Protein chains: 4
Amino acid sequence: MPGSSFGTCFRITTFGESHGDALGVIVDGVTPGIPIRKEDIQQHLDQRKPGQSAVTTQRKESDTVHILSGVFQGTSTGTPIAMVIYSKDMEPGAYDPIKDLYRPGHADFTYEKKYGIRDFRGSGRASGRETAARVAAGSIARILLEREGVSVVAYTLRAGNIACRSIDERVIEKNPLRAADLEAAAEMEKVVEKLAEKGESCGGIVECRVRGVPAGIGEPVFDKLDALLAHAVLSIGSVKGIEFGAGFGAADMTGSEHNDWMDESGFLSNNAGGIIGGISTGQDIVFRVAVKPTSSISVPQKTIDTSGEARNIRTQGRHDPCICPRIVPVVEAMACIVVVDLFKYQEALRS
Amino acid sequence: MPGSSFGTCFRITTFGESHGDALGVIVDGVTPGIPIRKEDIQQHLDQRKPGQSAVTTQRKESDTVHILSGVFQGTSTGTPIAMVIYSKDMEPGAYDPIKDLYRPGHADFTYEKKYGIRDFRGSGRASGRETAARVAAGSIARILLEREGVSVVAYTLRAGNIACRSIDERVIEKNPLRAADLEAAAEMEKVVEKLAEKGESCGGIVECRVRGVPAGIGEPVFDKLDALLAHAVLSIGSVKGIEFGAGFGAADMTGSEHNDWMDESGFLSNNAGGIIGGISTGQDIVFRVAVKPTSSISVPQKTIDTSGEARNIRTQGRHDPCICPRIVPVVEAMACIVVVDLFKYQEALRS
Amino acid sequence: MPGSSFGTCFRITTFGESHGDALGVIVDGVTPGIPIRKEDIQQHLDQRKPGQSAVTTQRKESDTVHILSGVFQGTSTGTPIAMVIYSKDMEPGAYDPIKDLYRPGHADFTYEKKYGIRDFRGSGRASGRETAARVAAGSIARILLEREGVSVVAYTLRAGNIACRSIDERVIEKNPLRAADLEAAAEMEKVVEKLAEKGESCGGIVECRVRGVPAGIGEPVFDKLDALLAHAVLSIGSVKGIEFGAGFGAADMTGSEHNDWMDESGFLSNNAGGIIGGISTGQDIVFRVAVKPTSSISVPQKTIDTSGEARNIRTQGRHDPCICPRIVPVVEAMACIVVVDLFKYQEALRS
Amino acid sequence: MPGSSFGTCFRITTFGESHGDALGVIVDGVTPGIPIRKEDIQQHLDQRKPGQSAVTTQRKESDTVHILSGVFQGTSTGTPIAMVIYSKDMEPGAYDPIKDLYRPGHADFTYEKKYGIRDFRGSGRASGRETAARVAAGSIARILLEREGVSVVAYTLRAGNIACRSIDERVIEKNPLRAADLEAAAEMEKVVEKLAEKGESCGGIVECRVRGVPAGIGEPVFDKLDALLAHAVLSIGSVKGIEFGAGFGAADMTGSEHNDWMDESGFLSNNAGGIIGGISTGQDIVFRVAVKPTSSISVPQKTIDTSGEARNIRTQGRHDPCICPRIVPVVEAMACIVVVDLFKYQEALRS
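Residues numbered from 1 in each chain as written. Chains lettered and ligands numbered in written order. Predicted model: local features only at pLDDT ≥ 70, side-chain atom pairs only at ≥ 80, totals over all residues. Heavy atoms only, no water.

### Quick look at the overall build of chain A
The helix and strand tally for chain A stands at seven helices and 18 strands. With the C-alpha coordinates aligned to their principal axes, the bounding extent of chain A is approximately 65 × 50 × 40 Å. Counting across all 351 residues of chain A, residues that qualify as buried make up 69%. Pairs at least 24 apart in sequence give 68% of the contacts found in chain A among residues at least 6 apart. Accessible surface for chain A amounts to roughly 10,800 Å². Of this, 47% is attributable to carbon and sulfur atoms. (Helix = DSSP H or I, 4+ residues; strand = E, 2+ residues; numbered from the N terminus. Buried < 20%, exposed > 50% of the residue type's maximum accessible area, 1.4 Å probe, protein only. Contact = heavy atoms within 4.5 Å. Areas by Shrake-Rupley, 256 points an atom, 1.4 Å probe, with all protein chains shown as cover.)

### Points about the relation of the copies chain C and chain D
When chain C is fitted to chain D, the residual RMSD is 0.0 Å, and the transformation amounts to a turn of 180 degrees plus an axial shift of 0.0 Å. Accordingly, the operation relating the two chain copies is best matched by a two-fold axis. Of every C-alpha in chain C, the one belonging to His 231 of chain C sits nearest the axis of rotation, 2.3 Å from it. Counting the interface residues of chain C, we find that 98% of their copies in chain D are interface residues as well, pointing to one common contact surface. (Least-squares fit on C-alpha atoms with pLDDT ≥ 70 in both.)

### As for the interface of chain C and chain B
Listed per partner, the contact involves 43 residues of chain C and 43 residues of chain B. Looking only at chain C, the three residues that lose the most surface to chain B are Pro 2, Leu 68 and Phe 72 of chain C, adding up to 19% of its buried area. Seen at the junction of chain C and chain B, the total is zero salt bridges. The interface formed by chain C and chain B holds nine residue pairs in polar contact (both at pLDDT 80 or more) in total. Elements supplying a minimum of two residues to the side of chain C that touches chain B: strand 2 (11–15), strand 3 (22–28), strand 6 (75–76), strand 7 (81–86) and helix 2 (108–115) of chain C. (Buried area = accessible area lost by both parts, 1.4 Å probe. Salt bridge = Lys/Arg side-chain N within 4 Å of Asp/Glu carboxyl O. Polar contact = N/O pair within 3.5 Å; in protein donor to acceptor, adjacent residues only side chain to side chain.)

### What about the sheet that holds strand 11 (residues 239–244) of chain B?
The strand order 9(A)-8(A)-10(A)-16(A)-11(A)-11(B)-16(B)-10(B)-8(B)-9(B) describes an open sheet built from 10 strands, whose pairing is antiparallel. The strands lining the two open edges of the sheet, one partner per strand, are strand 9 (162–163) of chain A together with strand 9 (162–163) of chain B. Summarising the sheet, strand 11 (residues 239–244) of chain A and strand 16 (residues 285–291) of chain A pair through five bridges and their orientation is antiparallel. Paired with Val 239 of chain A across the two strands is Val 291 of chain A, which belongs to strand 16 of chain A. (Pairing = 2+ DSSP bridges.)

### Re the packing of aromatic side chains
Inspection of every chain in the model, using the stated rule, returns 26 aromatic pairs over all chains. Ring plane angle 85 degrees and centroid distance 5.5 Å describe the contact between Phe 267 of chain A and Phe 109 of chain B, whose orientation is recorded as edge-to-face. Of the two residues, Phe 267 of chain A is situated in strand 13 (residues 266–267) and Phe 109 of chain B in helix 2 (residues 108–115); the pairing between them involves two chains. Accessibility expressed as a relative area gives 13% for Phe 109 of chain B, which makes it buried. Clustering of aromatic rings is evident, with ring pairs tying together Tyr 102 and Phe 109 of chain A together with Phe 267 of chain B. Above the plane of the ring of Tyr 115 of chain A lies Lys 114 of chain A, whose end atom (NZ or CZ) is 5.7 Å from the centre. (Phe/Tyr/Trp six-rings, centres within 6.5 Å; stacked < 30°, edge-to-face > 60°. Lys NZ or Arg CZ within 6 Å of the ring centre and 35° of its normal.)

Next comes the structure, spelled out in structure tokens:
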């Protein structure tokens, strides 16, 4: 349970604080004999890194991945792949002004209650920077899944009260919001920039679609495919909810509306989101993720200091007015990790 | 990963199909020296059992629990507590008419794809009856939590398009929907009965509130308190989504609206649902669960048989027109199991 | 870690005290579609059961197995197989004389220190009777292994200072010691009977041989094949040591004596016991297990009572003067469980 | 099961090949608020490092540890501690002569069978160098144990057919064999040097003693203290056996000889090695480990190449004629890791 590992047959273990020397991940259970190129990993890390546009933080971090083990002559050996991202440009005193304050929406208070001690440099282990390790691990999982014909894509479905009105996955990488609708993206961008000017932030919804998973993946009872995806996705900071297929909308449907009927051609609808009884149906797996507004804002807020006294706080620095576009690759990474683990276990079960 | 176990320091392992000889659970990691009375377990099982009212199935099942181990002279010994519920009234031929059909909304199709074989008697392992084992295990977890001053309560918040307009926990056990608002409950009941007459079903939303958890419970990164609750709750059949605190509503809020400010008296709001950075804040933990309409309905539906041919199906038998009131004790049970596990791990971490 | 589960892809979870209502096991991860006959399980339980000869206890226990789940129409469904053995002939007051005494060599003292409470009826959870659940689970593992061409056989190699002088596996079931040498077995029998008359017991060595495991099974580093076998076998009560291949003899060898050379025909020796670097070589896997003399003896012994006062104790009742023949099926069972788990994981890794 | 993690409440995950860029470990579950000094870790690594004397390899490796996370201002934060040791002085072509040969006693053959691919540079993941990560992790465990009054010490008990005739722990670090008897150590040294001159190696026995563990540590059934120690120790390369207390000697004892009697002063003997029923008795925990002779020798040996053809091999390079003194700190490290994990779990169980 020390919560830095995830997965059974394909298991990742991460480490690192936002302002420590490095963060990284050990990926264990990688199929041997698979070509692993550093560029494939770096490409996904670059999607997550800050400083990409006006809607994300202007901080510059290179997030360059180093592979320390498990790859020999460009090929996975089957032994654990360790990847490390070293930190740069530490300004040691930068966090001193807030080291005695609990920033609203941040885990400062809860970490101190849990551990009795807190690494106050930039959220420490609770920093969003921790997700870089997930993205690196997810890119290994993705390489394995692609060999099975599985693809995973996520995008911003809603941000700043603006929703995509259509879904065109080809435009996701063509707008700073990573929205699936260029027109809506332009509107979102305006809203987010206006909020950013005021020192504010907004939340949104990210949708993820997994294609190519055959029917039969997922374990009944506690390790249902949707249960593991929920675990994986809710473990990402800023995520406050998840729903599959019709999701919360199912609450207001009748049985005959919600049940996905079949005929010789297969399923006639996908209200279940591609998962029934915790097991894939062979249809697309579809889920949506609620993302809260970034906690770091520069408007004045009420809080207390570590001695319990009331204080006003105004966080400085470069933050993401909307975290959705940077959560997109993290959601994809976690989905890849869950699916490849269940694929591998299915082989174990049937053999 | 064979998915029949859940938990780390407090671990449950279940078995059993709906129409097998028995179903049950082994609960390992129970604190020794705690009084365990069979009646405390039975009381929660009775909440889950069918045949309680017109809005749930009319099947009669006694669901009597037998404790086979781990309790000596009325007290837990620290060794695994095994509990079994034997099945009764098997009508062996009852499921023959559907044994070659995949019932819409049910896991018949996915189980067969997964295993290449299916126990077609009443959904087998995918039956809602499996949750009796969770409720039995959860009642042990609840006994441990009560000693820490933690209470867990869930109720139907919405069903058949009717929402509770106020929350009064004292009325939950006084209406067949287990709703928290008697007036709304009466309306829900009418809607559900009308749907039942037509052979239809409806979904709903169940809300759960955990009180008394001190700040500091939950593990960072992958075993966040909300991530484990999501895993636990999404592993319950018929659940299609979960949200914490403001949940999906957070998507449309700004940072200053969503951040929970503090002053000397503590937190001034609870949009986070009592969890920040995956760790409890000391406030109430609040989450909501999307429940799909029961799949078993008696209106004619399109499906295929095991040879892939199109067929019409009309499920007979006594089913739940709305499963929410029977999911309530299961949600509570899973929440208890997660929280006690994290409490125990916190002791391990700090020692 | 609550220690009642073992295995990853093929996982068993046991419960039960010697004088509780029942003991049993849940076996999760069983390949679906495999014929499972109750008789195959019962046959191995009968090997373990007491009352087989003068060298084992004269207690009569039928140890009849009941399969509660996971098998449908004689075939595994892939869902957990729960097996229960109900207890009979409880004499509730039989253990009263020793309930305040710590029997030498027994876990009475350590359990009470651990839990602060003790089920004093016949060793409770620490009873050898617990191994019945392992044997039942092992027989399922064995059925899976036989399909892969793997066989597992153990036998008494030494008992009461008498060693087998040759190994003939065909005679194992033809002598009450389960020794692999009929002549030596006859001598062992005499020694053991003489000890039994004096109320004494003796220890021995059990050897196990696993045939048919292809090269490549076992995980490097922490889950080496020999490490998991050691874990599995040392978890059996009364076992005080394990050695592989040349074992402790290797301590006095040189590198050129110990290294197993190869030529075109394969390995020229097997000092490694079929495992190098934690991975099977394709040769027979061979290990030996040190078994301590049964703790229950009727000669007078010194001990203390629960208040710490010195006392004399003379255990009554029917006990095993030499436990080796009854440990043989347990060692086989644990070996089967480890090997099938690693087989399954190898499929996961390579896929 | 991908075998690079070990432990439940205190969990380590390692990575790295002998000639990769680095090897290291993530230690999760460390108590927060504990002073962690790099020097305490380095001191144990220096015990393991090569080049210490004529009886160990003359290779020079600095094995300098870098702490990348989990320690802030000299104190553990409760988040994972990642430690890395970078490799130096790689001679890339050095292993070319043997890259198509399976070195006798090495894991070359089994790794290739397992993975279908092999990192042939200096044994890759199967190298003894992997144990540096264990020693680093073990030193963290040791710091935690010292606060509980637990100490762990191991020493060479036998090497090159010479046994210690008395045990004096003060001399262990005063002789290159790490033997507990200076006189015997001098004899061992002569034997080992003579073997080294001939290009040969020898095995030995390492004994380990854990003091200060109170009664009650260890989980019944599968996670017995001795079972976990056996798992941990057998997972060290070159180890071929383990025995506790009287160990294999117990096979030839009677019950009254072996049972450890008690009086008001406590136990009167320790044949059990401080563990009964898998749980600590409060006495010293004592076990012995069989170490095989180092596989790397420079006498000519028979083997095959990767195409299956017979070949002669004569390994060059600087190797350990007796690995015992370098295994001593690794055995201690693994013992520390097991014991601290069980201590932590005991807190979870009782809370």
